[in-house]
Amino acid sequence: MFSRILFPVDFSNRCEGAAHAVRAMAVQFLSEVTALHVMEVSSANSEYETLVAPAREKMDRLVARELRDCLVAPYFERGDPAQVILSYMRNGHFDLIMMPTHGYGPFRRFLLGSVTAKTLYDALCPVWTAAHLETSPASEKVGIQNVLGAVDFGAHSSEVLQGASQIAESFHARLTAAHVIPISGPFMESYWIQSWREETREGIPEQIQKLLPGRNPLMEIEVLEGSPAAALSEAAERLQADLLVIGRSHDPERGGKLGANAYAIIACSPCPVLSV
């Protein structure tokens with residue numbers, strides 16, 4: 001499923017946490033990992049040479065400690081990190097990009113770092129992100145036991161559910177498909193609204209099943225209500241999800257390919273998010 005993984009490396013604690021997950025994916029899918037470190041330096045060769053030697057030492061330690069048993073190709077570049085990452089993505093035919101966000105603390109954990117955000121906007125392949133990596137478990141303990149696939153019945157819903165199902169089957173994990181009915185405003189408790197909600201809920205399981213022909217027989221279905229980010233965050237925590245799979249637009253006609261709901265879901269999720 002993921003034969004080539006691009007792993008941007010900045011040697012932070014978050015990066016080490018992401019490496020645990022990269023190793024789990026690479027071992028499971030026999031993936032080749034490209035570990036890419038980008039230095040934001042001037043055009044002066046002397047500055048680059050001064051930084052690249054210690055970067056190579058850090059890379060060697062990271063690969064030996066966190067990416068053992070993986071086929072890893074380290075690369076060192078200079079320039080704008082987001083642009084270099086996207087250039088590698090376009091030219092390297094990668095199946096997956098795996099990178100952490102820059103979330104810290106009770107407020108900043110709801111923000112995405114600029115490099116992550118730019119990558120999510122423009123990447124054409126799936127992107128794995130996670131905001132809670134400082135306390136990630138040791139690499140040998142990383143696994144996927146519960147996968148949550150979120151569908152909105154848009155253009156990518158079938159792709160989302162198929163991807164979530166393939167990952168769940170590969171890791172022998174439980175698969176849950178979820179749809180969020182957006183509920184807000186002062187009139188949502190009226191008789192007509194309640195009737196609409198009940199009718200909508202009744203039809204959702206059948207709609208979800210149609211998205212996955214020959215569906216995973218172990219798939220469970222959840223119908224949630226509220227804002228997508230809050231409802232999916234609650235569901236991921238309640239179900240102890242190890243991975244949340246969502247869709248994001250790749251339509252070049254749209255000004256931004258990462259919608260507000262996708263941004264909020266990625267930033268708020270208690271578990272890693274794979275956006276396809």
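From a predicted model like this one, the values you see are computed outputs, not experimental measurements.

## With respect to the nonpolar core
- Ranked by size, the top nonpolar core spans 53 residues in total, and within it Phe7, Met25, Trp128, Val147 and Leu274 carry the most contacts.
- No other element matches helix H1 (residues 13-29), which puts eight residues into this core.
- Not counting the four nearest positions on each side in its chain, Val147 is found in contact with Ala164, Ile167, Ala168, Ala173, Arg174, Leu175, Thr176, Leu243 and Val245.
- With 34 residues, the next largest nonpolar core counts Leu6, Leu86, Ile246 and Ile266 among its residues.

## What to know about unusual backbone geometry
- The backbone phi angle of His93 is positive, close to 55°, even though this residue is not glycine.
- With respect to the secondary-structure elements, His93 resides in the loop between helix H3 (81-92) and strand E4 (96-100).
- If you check the backbone angles, Phe153 has positive phi at about 65° while not being a glycine.
- Examined against the element boundaries, Phe153 turns out to sit in the loop between strand E6 (146-150) and helix H6 (157-171).

## Examining the sheet that holds strand E5 (residues 127-130)
- A sheet is described by the order of its strands in space; here 10 strands give the open sequence E3-E2-E1-E4-E5-E10-E9-E6-E7-E8, paired in mixed fashion. In this open sheet, the two edge strands, each paired with only one partner strand, are strand E3 (71-78) and strand E8 (220-225). Recorded for the sheet is a direction-independent mean angle of 25° between the axes of neighbouring strands.
- The sheet contact formed by strand E1 (residues 4-8) and E4 spans two bridges and is parallel.

## With respect to the pairing of E4
- Most of E4 sits inside the fold, with five of its five residues counted as buried.
- Going residue by residue along E4, you find Leu96, Met98 and Pro100 tucked away on one face and Ile97 and Met99 tucked away on the opposite face as well.
- Note: E4 against E5, four bridges, orientation parallel. Bridge assignment links Met99 to a residue of E5, and that residue is Thr129.

## Side note on the environment of Ala131
- Counting through the fold element by element, Ala131 comes out in the loop between E5 and E6.
- Each C-alpha atom, one on Ala131 and one on Thr101, is 5.1 Å from the other, the two residues being 30 residues apart in sequence.

## Notes on the pattern of salt bridges
- Tallied over the entire structure, the rule returns seven salt bridges.
- Note that Glu16 and Arg65 form a salt bridge whose closest N and O atoms lie 3.0 Å from each other. Here Arg65 lies in helix H2 (residues 45-66) and Glu16 lies in helix H1, a separation of 49 residues in the sequence.
- A relative accessible area of 26% means that Glu16 is categorised as partly exposed.

## Things to note about the environment of Arg14
- Here Arg14 shows up in helix H1.
- Overall, Arg14 belongs to the buried group, its relative accessible area being 7%.
- A sequence separation of 117 residues divides Arg14 from Ala131, and the C-alpha atoms of the two residues are 8.2 Å apart.

## Let's talk about the environment of Arg174
- Tracing the backbone through its elements, the reader meets Arg174 in strand E7 (residues 174-181).
- Owing to a relative accessible area of 30%, Arg174 belongs among the partly exposed residues under this scheme.
- A polar contact is formed between the side chain of Arg174 and the backbone oxygen of Leu239, at a distance of 3.2 Å.

## Notes on the side chain of Thr34
- Structurally, Thr34 is set in strand E2 (residues 32-39).
- Judged by its relative accessible area of 2%, Thr34 is buried.
- Excluding anything up to four places from it in sequence, Thr34 contacts Arg4, Ile5, Leu6, Phe7, Ala73, Tyr75, Tyr88 and Phe94.

## Overview of H6
- With 15 residues, H6 ought to run about 21 Å at 1.5 Å a step, and its terminal C-alpha atoms sit 21 Å apart, in line with that.
- For H6, the complete set of buried residues consists of Ser157, Val160, Leu161, Gly163, Ala164, Ser165, Ile167, Ala168 and Phe171.
- Phi for His172, located one or two positions after H6, is positive at around 55°.

## A look at the pairing of strand E9 (residues 243-246)
- Side chains Leu243 and Val245 project from E9 onto one buried face, and the interleaved Leu244 and Ile246 project onto a second face that is buried too.
- One ladder, built from three bridges, connects E6 with E9; its direction is parallel. Paired with Leu148 across the bridge in E9 is Leu244.
- Of the strand pairs in this sheet, E9 and strand E10 (residues 273-275) are connected by three bridges, and their pairing is parallel. Residue pairing in the sheet places Ile246 in a bridge with Ser275 of E10.

Rules used in this analysis
- Residues numbered from 1 in each chain as written.
- Predicted model: local features only at pLDDT ≥ 70, side-chain atom pairs only at ≥ 80, totals over all residues.
- Heavy atoms only, no water.
- Core = buried A, V, L, I, M, F, W, Y, C linked by side-chain atoms within 4.5 Å.
- Buried < 20%, exposed > 50% of the residue type's maximum accessible area, 1.4 Å probe, protein only.
- Helix = DSSP H or I, 4+ residues; strand = E, 2+ residues; numbered from the N terminus.
- Contact = heavy atoms within 4.5 Å.
- Pairing = 2+ DSSP bridges.
- Axes fitted to C-alpha atoms, helices over the stretch in contact; angles between N-to-C directions.
- Salt bridge = Lys/Arg side-chain N within 4 Å of Asp/Glu carboxyl O.
- Polar contact = N/O pair within 3.5 Å; in protein donor to acceptor, adjacent residues only side chain to side chain.
- Expected span 1.5 Å × (residues − 1).

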